[in-house]
Amino acid sequence: HFILLFLVLFLGFGGLAYVSFGMQKYEFHTLSMTFETLFEMMLGSLPRSGDSAKKSWTHDPLLVIFVTSFNFLVFFVMLNFIIAIIVESYLSTKRRLEDLLTEQEIVQDVVSSLRAIVKRVVYRWPTHRRLIEGLQSSESDCVNLQILAELFPSCDARAIEALLSHYFEFRFLRPE
């Protein structure tokens, strides 16, 4: 959309400048010179014509209106349009990150890891490797107190309940 709008503005102003000022001003004498002048104006320079003050672009009211409106539209409208594209892209990315259930902040991740380590020591939970191996060997797709008690008979019921409640704190691990 940005390129389309830019081309419409640039070609429209180019045609208007060529038709309106092509016979009077050297910068608009040909279409290629007109577009070159408009490109230079877009980058911040102003038309150079006029050996004397009388022939300068500032003495032609129509050219002053043209230069002012071109600079205003190209700068402000196009800048606004490109900023809108960037902001929309940013918001879209932000929304996708917010919807990502496993995404947490680093502080939350560190605190959660430390809590898991302390709980593992206090409740004598199996190591992560044993837990993963046990769950992979299980034929059930669902994990509950009974299945964990069968997989890890050395853990008491209180430890298994604490293990389940710890992992169910994570929204993405909760049963639907």
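Up top is the structure.
Residues numbered from 1 in each chain as written. Predicted model: local features only at pLDDT ≥ 70, side-chain atom pairs only at ≥ 80, totals over all residues. Heavy atoms only, no water.

**Student:** Just checking my understanding: could you explain the packing of aromatic side chains for this structure?
**Tutor:** Each aromatic ring pair is specified by the distance between its two centres and by the angle formed by the two planes. Counted by the stated rule, this structure contains 12 aromatic pairs. Arranged with centres 5.2 Å apart and planes meeting at 75°, the rings of Phe-13 and Phe-70 form a pair that is edge-to-face. Of this pair, Phe-13 sits in helix α1 (residues 2-21) while Phe-70 sits in helix α3 (residues 61-99), and the two are 57 residues apart along the sequence. Assigned by exposure class, Phe-13 and Phe-70 land together as buried. (Phe/Tyr/Trp six-rings, centres within 6.5 Å; stacked < 30°, edge-to-face > 60°. Helix = DSSP H or I, 4+ residues; strand = E, 2+ residues; numbered from the N terminus. Buried < 20%, exposed > 50% of the residue type's maximum accessible area, 1.4 Å probe, protein only.)

**Student:** What is the right way to look at unusual backbone geometry in this model?
**Tutor:** Most peptide bonds take the trans configuration, and most residues that are not glycine carry a negative phi. Here Arg-124, not a glycine, exhibits a phi torsion of approximately 55°, which is positive. As for its placement among the helices and strands, Arg-124 is situated in the loop between α4 (106-123) and α5 (128-137).

**Student:** Explanation requested: the nonpolar core in the structure shown.
**Tutor:** The tendency in soluble globular proteins is for nonpolar side chains to be buried as a group. Core analysis: the largest hydrophobic core is formed by 14 residues, its most contacted members being Leu-38, Phe-66 and Phe-70. Of all the elements in the fold, those that place two or more residues in this core are α1, α2 (31-42) and α3. Considering each element in turn, this core owes the most residues, six residues, to α3. In this structure, Leu-148, Phe-152, Cys-155 and Leu-164 belong to the second largest nonpolar core, which totals 10 residues. (Core = buried A, V, L, I, M, F, W, Y, C linked by side-chain atoms within 4.5 Å.)

Coordinates in, geometry out; function isn't part of it.
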